[in-house]
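Structural characterization, general
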Amino acid sequence: PHEQQEEEVFMPEDEGTVVADLEGQASDDEEDEEDENLETNLNEDMDMAVDMDEEFAVERNDACACLETGLENGSGAAAGSSSADNSSAEAVAAEAAKASQRKPVYAVKWNKMDPSIVSCGGEDDRVRLWKPFHKEGPNSITLHGHQDSVVALDFDSTGKALASGGMDGRVCVWSTMTGKLLCTLEGPGEAIEFVKWHPLGSVVLAGSEDMTMWMWNVDISAAAETSPTPSYGQCMQVFTGHNESVSSGGFTPDGKTVVSTSLDGTVKVWNPKTGECQHTFFQDERHQASYGGEEAGPPPERGITCLDFSPDSSMVLCGGIDCTAHLVNVSNNRVLWKFGGSVDTNTHVIGQQ
């Protein structure tokens, strides 16, 4: 039998730092250090969780502070108006003023490594780290760094860093423990649609309305925590090829592959090391025939909006505007199943680009 060739490891340009290992393992040095300090790290994590109660000392001790902009000012003004004047007109005006302070929430995320912490962001251009079950004192902090609505959030694999994406085209990376802005990632020309961390390292992936997807190497080390100014990250790859907004995407659980979906009606499979598009899945035969032509872009009912990965990284489940969900195998480039939709969309052609 032929010897199996060793797969290349996905690393940043700086060979001195392993950011993500596509074979699913860290470097030997990292493994040794992790084994030697496992107990110490667990103790430090517990200590940091306790210290975090002291860090969350900015907002009022009220769960609503996480979801409403200017809660203290809005509710305080409303209470003052009601006590000063009992007329119904004043009461209505006070309620309207209070309501005007509230903004929609567009993104929420649970910290799986520390379930006591959640995050949310919305139209007020702010990110909030929130401890909803903490009842002793203040329980949330507000993070300022975006200039437009916050629409995407994701915690890294350690739970110690949070990435946020905004309609300002910017991605911000925050310390979960202190709320410090560690890094600002720029490049996309329009709103961010999603942000995702690499499952094994400090690499952030983001898709944009400008039809591109960006990948950065991010410094979330202890040195970044103490730096007086945030860094800007290192752009590792820009993925281009979609004809409409990149609606969703991410790394496969093993970290070896990037998959993206778009409102152009395609699912693309990428090599994160080279940026090459390895496969393109089309919603149907008619779409493939027109893709990239004079009438490029799908009909109004086309467009892929979301995806999720199987635990073994071999399959992707994606949903579309055409009322269908598709199960595709990204290992052999085949559509396995289709759920829902009309009978005239049952034909699936697998294209390679």
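See above for the structure.
This is a predicted model, so every value here is computed, not measured.

Conventions and cut-offs
- Residues numbered from 1 in each chain as written.
- Predicted model: local features only at pLDDT ≥ 70, side-chain atom pairs only at ≥ 80, totals over all residues.
- Heavy atoms only, no water.
- Pairing = 2+ DSSP bridges.
- Helix = DSSP H or I, 4+ residues; strand = E, 2+ residues; numbered from the N terminus.
- Axes fitted to C-alpha atoms, helices over the stretch in contact; angles between N-to-C directions.
- Core = buried A, V, L, I, M, F, W, Y, C linked by side-chain atoms within 4.5 Å.
- Buried < 20%, exposed > 50% of the residue type's maximum accessible area, 1.4 Å probe, protein only.
- Contact = heavy atoms within 4.5 Å.

Next up on the list: the sheet that holds strand β7 (residues 171–175). An order of β5-β6-β7-β8 is seen for the four strands of this open sheet, with the pairing classed as antiparallel. Looking at strand neighbours, the two that pair on one side only are β5 (150–155) and β8 (181–185), the edges of this open sheet. Mean inter-strand twist for the sheet, computed between neighbouring axes without regard to direction, equals 20°. Note: β7 against β8, four bridges, orientation antiparallel. Across the sheet, the residue bridging to V171 is L185, located in β8.

What tends to happen in soluble globular proteins is that the nonpolar side chains get buried as a cluster. Counting 15 residues, the largest nonpolar core has V171, L185, W216 and V218 as its most contacted members. When contributions to this core are tallied by element, the ones reaching two or more residues are β6 (161–166), β7, β8, β9 (192–197), β10 (203–208) and β11 (212–217). A total of three residues in this core trace back to one element, the largest contributor, which is β9. Those residues in contact with L185 that lie beyond four places of it in its chain are G169, R170, V171, V173, V204, W216, V218, Y232 and G233. If you look at the next biggest cluster of nonpolar residues, it comprises 14 residues, including L129, I141, V150 and L181.

Another point: the pairing of β9. Where β9 lies against β10, five bridges are found, and the strand directions are antiparallel. Bridged to I192 within β10 is S208.

Turning to the sheet that holds β11, a few remarks are in order. Pairing within the open sheet is antiparallel, and its four strands lie in the order β9-β10-β11-β12. Edge positions in the sheet fall to β9 and β12 (234–240), since each of these pairs with one other strand and no more. Strand after strand, the sheet turns through a mean of 20° between neighbouring axes, direction not considered.

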